Amino acid sequence: MLIFMGSGIREKEFTPMTGEQIIFLIVGAVTLLSALMVVTRRDLVHSALWLVATLFGVAIIYALLNAGFLAVVQVVVYIGAIAILFIFAVMLTRRQASDTGPSVNNNWWVGALLAVATFGGLVFLLQGWSGFSKTASALPSGFDAIGQLGEALTSPAGFVLPFEVASVLLLAALVGAVYLAFNKK
Amino acid sequence: MIPLSWYLILAAGLFSIGLFGVLARRNAVAILLSVELMLNAVNINLVAFWRYGDVAQMAGQVFAIIVFAVAAAEVAVGLALVISVYRRRNTVVAEDLDLLKW
């Protein structure tokens, strides 16, 4: 209640951190560090494995946000399918000669500058927003997030049309992928 | 409780790291890896706004699931393109694929 009234940042320094906050800080730091490793490692297999670590961190963030279904989907779809697809692609397109050049292009400092500017700009913009430091209200008792999500995805009053469009997109993309990767002699 | 700002700053950091990877890496597979980082940052934002807004409105989670589907489609087509290009040109370095640049 106090945090609702006072400015969040000043309160935070005096109140001891809760377990949830400590978990968030550890998971967030690991996620960001492994993301940095993804973009800086020379060996692409290492990059892909660091991506798996990042995706696990994001799954834990979903769990912290009470989105249990998304955390499971993150592990199954992202780590189970997408990361493995990446490792396959890395192994299919490896050549000894291509590993000798630098891993970043000549204009990498422009990219670094733009990334830092984007981060600074986003934080600056968000700090001016009134809802920046608000805290979550407790979930209503008996709230069934997964049931609600399933209902929203399949009821005509909800999101059944975007859901169907997404499945058509997935089908078209997979047919296209098979066509592109097919070895025409 | 964790304030919303922590999630937003984490997502902004993840997005910026992905942006750096997209702009700086030479290998096309590494660029796709960085795109995945950016999509994940967006998903963290969507789920955080769902949790800190009205939880009865499932739009945030539904949109996150659609982003999952789009990411899977993007990776499948992107990696198929990379493998196809590797077969024809024997390279996956994005700088060398400059056929359209006269």
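Owing to the predicted nature of the structure, the values given are computational and were not obtained by experimental measurement. Counting restarts for each chain, with residues numbered from 1 along the sequence as it is written. Chains and ligands are labelled by the order in which they are written, letters from A for the one and numbers from 1 for the other. Totals for whole chains, interfaces and linings use every residue, but because this is a predicted model, local features are given only for residues with pLDDT of at least 70 and side-chain atom pairs only at 80 or more, for both listing and counting. To obtain the side-chain values, all non-hydrogen atoms of the structure were included, while hydrogens and water were left out.

Re unusual backbone geometry
Despite not being glycine, Asn66(A) shows a phi value in the positive range, around 65 degrees. Looking at the element boundaries, Asn66(A) is found in the loop between helix 4 (44–64) and helix 5 (68–92). Its identity as a non-glycine residue notwithstanding, Asn90(B) has a phi of 60 degrees, on the positive side. Counting from the N terminus, the helices are the DSSP runs of H or I reaching at least four residues and the strands are the DSSP runs of E reaching at least two. Its location among the elements puts Asn90(B) in the segment after helix 3 (59–89). With a 1.4 Å probe rolled over the protein chains alone, any residue whose accessible area is under 20% of its type maximum counts as buried; one over 50% counts as exposed, and the rest are partly exposed. Look at Asn90(B) and you get partly exposed, because its relative accessible area is 38%.

Quick look at the packing of helix 5 of chain A against helix 3 of chain B
Relative to each other, helix 5 of chain A and helix 3 of chain B sit at 5 degrees, their axes nearing to 10 Å. On the basis of the axis angle, helix 5 of chain A is roughly parallel to helix 3 of chain B. Contacts from Phe69(A), Leu70(A), Val73(A), Gln74(A), Tyr78(A), Ile82(A), Leu85(A), Phe86(A), Ala89(A) and Leu92(A) of helix 5 of chain A reach helix 3 of chain B at Gln61(B), Ala64(B), Ile65(B), Phe68(B), Ala71(B), Ala72(B), Val75(B), Ala76(B), Leu79(B), Ile83(B) and Tyr86(B). Residues are grouped as follows: nonpolar covers Ala, Val, Leu, Ile, Met, Phe, Trp, Tyr, Cys and Pro; charged covers Asp, Glu, Lys and Arg; every other residue, Gly included, is treated as polar. Residue composition of the contact of helix 5 of chain A with helix 3 of chain B, grouped by class: 19 nonpolar, two polar and no charged. Every angle, taken between N-to-C directions, lies between 0 and 180 degrees, and every axis is a line fitted to C-alpha atoms, over only the stretch in contact when it is a helix. Angles are sorted into four bins: roughly parallel if under 35 degrees, roughly antiparallel if over 145, roughly perpendicular if 65 to 115, and oblique for all others. By definition in these notes, contact holds between two residues if any of their heavy atoms fall within 4.5 Å.

Thoughts on the environment of Val175(A)
All names here are of chain A. Along the chain, Val175 turns up in helix 8 (residues 160–181). Looking at Val175, the relative accessible area reads 52%, which means it is exposed. Separated by 37 residues in the primary sequence, Val175 and Ala138 place their C-alpha atoms 44 Å from one another.

Notes on the pattern of salt bridges
All names here are of chain B. For this document, the term salt bridge refers to a Lys or Arg side-chain nitrogen within 4 Å of an Asp or Glu carboxyl oxygen. Enumeration according to the criterion identifies one salt bridge over all chains in this entry. Across the salt bridge formed by Arg26 and Glu95, the nearest N and O atoms sit 3.1 Å from each other. Remark: Glu95 occurs in the segment after helix 3 and Arg26 occurs in the loop between helix 1 (4–24) and helix 2 (28–52); sequence separation between them is 69 residues.

Describing the interface of chain A and chain B
Chain A puts 90 residues into the contact, and the matching count from chain B is 71 residues. As a working definition, buried area equals the accessible area (1.4 Å probe) given up by two parts on being put together, with both sides summed. Approximately 7300 Å² of surface area, both sides summed, lies buried where chain A meets chain B, with 77% of it carried by carbon and sulfur atoms. The three residues of chain A that bury the most area against chain B are Val39(A), Leu65(A) and Phe86(A), which together make up 9% of that side's buried surface. Our count for the chain A to chain B interface comes out at zero salt bridges. For this analysis, a polar contact is any N or O atom pair within 3.5 Å, provided that within protein one partner can donate a hydrogen and the other can accept it, and provided that sequence-adjacent residues contribute only side-chain to side-chain pairs. Seen at the junction of chain A and chain B, the total is 14 residue pairs in polar contact (both at pLDDT 80 or more). Looking at the side of chain A that touches chain B, the elements with two or more residues in it are helix 3 (19–40), helix 4, helix 5, helix 6 (108–127), helix 7 (145–154) and helix 8 of chain A.

A look at the packing of aromatic side chains
Aromatic rings from Phe, Tyr and Trp, with only the six-membered ring used for Trp, were paired whenever their centres fell within 6.5 Å, and each pair was classed as stacked if the ring planes differed by under 30 degrees, edge-to-face if by over 60, and tilted otherwise. Applying the stated rule across the entire model yields five aromatic pairs over all chains. Judged by centre distance (5.7 Å) and plane angle (45 degrees), the ring pair of Phe24(A) and Trp6(B) falls under tilted. Here the residue Phe24(A) occupies a position in helix 3, and Trp6(B) occupies one in helix 1, the pair thus bridging two chains. Neither residue differs from the other here; Phe24(A) and Trp6(B) are each classed as buried. With a centroid separation of 6.0 Å and 70 degrees between ring planes, the pair formed by Trp129(A) and Phe49(B) is classed as edge-to-face. Of this pair, Trp129(A) sits in the loop between helix 6 and helix 7 while Phe49(B) is found in helix 2, placing the two residues in two different chains. With relative accessibility at 35%, the residue Trp129(A) sits in the partly exposed group.

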